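# A closer look at the structure
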Amino acid sequence: MPVSPLTDLSRLCLHTITTKPWSIEEATDRYAAAGVKGVTVWRQWLEGREPVRVGQAIRAAGMEVVSLCRGGFFPATDAAARQTAIDDNRRAIDEAAALGAPLIVLVCGASPEQSLDESRRQIADGIAAVADHAQASGVRLAVEPLHPMYADLRSAINTLGQANDLCDALDLPSVGVAVDVYHLWWDPNLEAEIARCGQAGRLWAYHVCDWRSPTEDLLNDRGLMGEGCIPLRQIRAWVESTGFDGPIEVEIFSNRYWAMDQDEFLGKIVQAYKEHV
Ligand code: ZN
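What counts and how
- Residues numbered from 1 in each chain as written.
- Predicted model: local features only at pLDDT ≥ 70, side-chain atom pairs only at ≥ 80, totals over all residues.
- Heavy atoms only, no water.
- Phe/Tyr/Trp six-rings, centres within 6.5 Å; stacked < 30°, edge-to-face > 60°.
- Helix = DSSP H or I, 4+ residues; strand = E, 2+ residues; numbered from the N terminus.
- Buried < 20%, exposed > 50% of the residue type's maximum accessible area, 1.4 Å probe, protein only.
- Lys NZ or Arg CZ within 6 Å of the ring centre and 35° of its normal.
- Pairing = 2+ DSSP bridges.
- Right-handed = clockwise from strand over helix to strand, strands pointing away.
- Core = buried A, V, L, I, M, F, W, Y, C linked by side-chain atoms within 4.5 Å.
- Contact = heavy atoms within 4.5 Å.
- Axes fitted to C-alpha atoms, helices over the stretch in contact; angles between N-to-C directions.
- Parallel < 35°, antiparallel > 145°, perpendicular 65-115°, else oblique.
- Left-handed = near helix turned anticlockwise from the far one by under 90°.
- Nonpolar A, V, L, I, M, F, W, Y, C, P; charged D, E, K, R; others polar.
- Polar contact = N/O pair within 3.5 Å; in protein donor to acceptor, adjacent residues only side chain to side chain.
- Donors = N, O, S within 2.8 Å, 3.2 Å for Na, K, Ca; no water.
- Tetrahedral: all angles 85-135°; square planar, octahedral: opposite > 155°, others 65-115°.
- Salt bridge = Lys/Arg side-chain N within 4 Å of Asp/Glu carboxyl O.

The next point concerns the packing of aromatic side chains. The tally for this structure, following the rule as stated, stands at five aromatic pairs. Between Trp-185 and Trp-211, the aromatic rings sit 5.9 Å apart at their centres with planes inclined by 50 degrees, giving tilted as the arrangement. Placement of Trp-185 in the loop between α6 (181-184) and α7 (190-200) and of Trp-211 in strand β8 (residues 210-211) is noted, with a sequence separation of 26 residues between them. What makes Trp-211 buried here is its relative accessible area of 15%. Positioned above the aromatic ring of Trp-258, the side-chain terminus of Lys-20 is 4.4 Å from the ring centre. Over the ring of Trp-204 we find Arg-140; its NZ or CZ atom is 3.9 Å from the centre of that ring.

So this is what it looks like as structure tokens:
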């Protein structure tokens, strides 16, 4: 079933990295003024701040904290580095709890010095090591599969099928999945794997942007919705057919957009959200 255009902003959430030049205070003010309803806070935006106060300010401005981005990066060739990652993820869980973020997005990590299979084993071990702390803290963990071009350094979990397999193997109530169209739009199994997420009740976050063609930078050339080749309405239809009716999170890393006036960019985001998401 096709989905209808989003005529209001009640589900619009922005990642703070989307408007990278803005501090958390500026982002909170400007997002609220634009009618944005949710914020996913990247950890760098908490530096030098009390997460509790940041969360209070976001809610006082009429928005919700949707998630904290990001935990993960579990794999490493030496055990001490893996333990450091686990400790850091525990701190992220504490920050999320203080912020009032119900979810942490996990960019799971990878090391080019070892096999992807070994990295995947370490990811499973790392998540298992922090899941109880997440559960006790009232914070859920969403595994975000990343496009395979990031399999060397950022994530050994590259398809939604792998994320579902990982969640099945872990079988932990605090561990689910984040679907990001930028990473997954190309996958011929995407519809079936989104449905599998739905059946397991683990589709907890939905991130949007677009895939510019040609892409000029593998990290920081994401497109605004509508300026690329991702079938956004098709994927949203699959996501919503699972019953998902939560926030739609705009996550754009873009040197070109970070270089422009951010108020103007925010206006473009709102317009693109209504026209293309
Ligand atoms: Zn994402």
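Here we take up the pairing of strand β6 (residues 175-180). A large share of β6 lies buried, amounting to six of its six residues. Note that strand β5 (residues 140-143) and β6 share three bridges and pair parallel. Bridging across to β6, Val-143 finds its partner in Val-177. Since β5 and β6 lie parallel, the crossover through helix α5 (residues 160-170) that links them has a hand, and here it is right-handed. In the sheet, β6 pairs with strand β7 (residues 203-208) via four bridges, with the strands oriented parallel. The residue bridging Val-177 from the neighbouring strand is Leu-203, located in β7.

Moving on, we come to the nonpolar core. Val-41, Ile-127 and Met-225 are the most contacted members of the largest nonpolar core, which totals 88 residues. The contacts of Ile-127, once residues within four sequence positions are left out, are Phe-74, Leu-106, Cys-108, Leu-141, Val-143, Leu-166, Leu-170 and Val-175. With five residues, the next largest nonpolar core counts Leu-103, Ala-142, Ala-178 and Ala-205 among its residues.

This paragraph deals with the packing of helix α3 (residues 79-99) against helix α4 (residues 116-137). Interhelical geometry of α3 versus α4 gives an angle of 30 degrees and a closest axis separation of 10 Å. The angle between α3 and α4 falls in the class roughly parallel. Our pair here, α3 against α4, has a crossing hand that is right-handed. For the pair α3 and α4, contact is made by Arg-82, Ile-86, Asn-89, Arg-90, Ile-93, Asp-94 and Ala-97 and by Gln-122, Gly-126, Ala-129, Val-130, His-133, Ala-134 and Ser-137, respectively. Partitioning the contact of α3 with α4 into residue classes produces six nonpolar, five polar and three charged.

Let us look at the sheet that holds strand β2 (residues 38-42). Pairing is parallel in the closed barrel, where eight strands are placed in the order β1-β2-β3-β4-β5-β6-β7-β10. For this sheet, the mean inter-axis angle between neighbouring strands, taken without regard to orientation, is 30 degrees. Two elements, strand β1 (residues 12-15) and strand β10 (residues 248-250), share three bridges in a ladder whose sense is parallel. Looking at the pairing, Leu-14 lines up with Val-250 of β10. In this fold α3 packs onto β2, β3 (64-72), β4 (103-107) and β5, with an angle of close to 175 degrees to the strand it touches most, β3. Where α4 meets the sheet, its contacts fall on β4, β5 and β6, and the angle it forms with β5 comes to roughly 145 degrees.

Here Ser-155 is to be found in the loop between β5 and α5. Residue Ser-155 is classed as buried on the basis of its relative accessible area of 0%. Reaching out from Ser-155, the side chain makes a polar contact with the backbone nitrogen of Ile-157 at a distance of 3.0 Å. Beyond its immediate stretch of four places on either side in the chain, Ser-155 contacts Cys-108, Gly-109, Ala-110, Glu-144, Leu-146 and Tyr-150.

Bound to the zinc ion on the protein side are Glu-144 (OE), Asp-180 (OD), His-207 (ND1) and Glu-251 (OE), at distances that span 2.0 to 2.2 Å. Between the four donor atoms coordinating the zinc ion, the angles at the centre fall across 83 to 172 degrees, so the site counts as irregular. Within one chain, the residues donating to the zinc ion are spaced in sequence as E-x35-D-x26-H-x43-E. You can see Glu-144 sitting in the loop between β5 and α5 and its partner His-207 sitting in strand β7, a full 63 residues away along the chain. For the pair shown, Glu-144 and His-207 are each scored as buried.

Opposite charge on two side chains allows them to pair when their charged atoms are near. Across all of its chains, the model carries 19 salt bridges by this definition. Across the salt bridge formed by Arg-256 and Asp-221, the nearest N and O atoms sit 2.9 Å from each other. Taken together, the positions of Arg-256 in helix α9 (residues 255-258) and Asp-221 in the loop between β8 and β9 (222-223) put the pair 35 residues apart, joining distant regions of the chain. Judged by relative accessible area, Asp-221 falls into the buried class, the value being 3%. Bridged by salt links that share partners, the residues Asp-165, Asp-168, Glu-193, Arg-196 and Arg-202 form one connected network.

Function-wise, these values are silent; they only describe arrangement.
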